[in-house]
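The lines below spell out each chain.
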Amino acid sequence: MNTVWTVIFVLLLIDSLGANVVAWFEEKWYKKHFRTLSRVLPLTKGWTAMYLTLVIILGIALYQYGAFAGV
């Protein structure tokens, strides 16, 4: 079961890092290639930084729980 939590955490970490890269460095690219989605779901620096912070907190909690012990 720990492996499932580890995989979910890694996927969320990759997603949050990707969202931060796009929000901080490639905002024009995002708006150009995802016009409809960028209107409904704008990538702002504050929200993506909060998302990354929450994923890191989740990772710390999983580490303290021992979810990464078998990996």
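Residues numbered from 1 in each chain as written. Predicted model: local features only at pLDDT ≥ 70, side-chain atom pairs only at ≥ 80, totals over all residues. Heavy atoms only, no water.

Tallying secondary structure elements over the chain gives four helices and zero strands in all. The linear arrangement of helices and strands in the chain, starting from the amino end, is α-α-α-α. Taken over C-alpha atoms, the radius of gyration comes to 15 Å for the chain, far larger than the 11 Å a tight globule of 71 residues would show. Referenced to the eigenvectors of the C-alpha coordinate spread, the extents of the chain come out at roughly 45 × 20 × 20 Å. In the chain, which comprises 71 residues, the share counted as buried stands at 23%. Accessible surface for the chain amounts to roughly 5,600 Å². Of this, 72% is attributable to carbon and sulfur atoms. (Helix = DSSP H or I, 4+ residues; strand = E, 2+ residues; numbered from the N terminus. Rg over C-alpha atoms; globule rule 2.2 N^0.38 Å. Buried < 20%, exposed > 50% of the residue type's maximum accessible area, 1.4 Å probe, protein only. Areas by Shrake-Rupley, 256 points an atom, 1.4 Å probe, with all protein chains shown as cover.)

In this section: the confidence of the model for the chain. Mean pLDDT over the chain stands at 89; residues scoring 70 or higher make up 96%. No element of the chain has a lower mean pLDDT than helix 3 (residues 35-40), which averages 86, and none a higher one than helix 4 (residues 45-65), which averages 93. (pLDDT = per-residue confidence, 0-100.)

Attention now goes to the pattern of salt bridges. Counted according to the given criterion, the structure contains one salt bridge. Between glutamate 27 and lysine 31 there is a salt bridge; the shortest N-O distance is 3.5 Å. Separated by four residues within a single helix, glutamate 27 and lysine 31 lie in helix 2 (residues 27-33), roughly one turn from each other. Residue glutamate 27 is classed as partly exposed on the basis of its relative accessible area, which comes to 33%. A residue is classified by how much of its surface remains accessible, and lysine 31, at 48% relative accessible area, is partly exposed. (Salt bridge = Lys/Arg side-chain N within 4 Å of Asp/Glu carboxyl O.)

Here we take up the packing of helix 1 (residues 2-25) against helix 4. Running from N to C, helix 1 and helix 4 cross one another at 160°; their axes reach a closest spacing of 9 Å. One element, helix 1, and the other, helix 4, form an angle in the roughly antiparallel class. Viewed along their axes, helix 1 and helix 4 form a crossing whose handedness is left-handed. In this structure, helix 1 uses Asn2, Trp5, Phe9, Leu12, Leu13, Asp15, Ser16, Leu17, Ala19, Asn20, Ala23 and Trp24 to contact helix 4, whose residues at the interface are Lys45, Thr48, Ala49, Tyr51, Leu52, Val55, Leu58, Gly59, Leu62 and Tyr65. When the residues that make up the contact of helix 1 with helix 4 are grouped by side-chain class, the tally is 15 nonpolar, five polar and two charged. (Axes fitted to C-alpha atoms, helices over the stretch in contact; angles between N-to-C directions. Parallel < 35°, antiparallel > 145°, perpendicular 65-115°, else oblique. Left-handed = near helix turned anticlockwise from the far one by under 90°. Contact = heavy atoms within 4.5 Å. Nonpolar A, V, L, I, M, F, W, Y, C, P; charged D, E, K, R; others polar.)

A few words on the side chain of serine 16. As for its position among the elements, serine 16 is in helix 1. Apart from residues no more than four positions distant in its own chain, serine 16 is found in contact with Tyr51, Leu52 and Val55.

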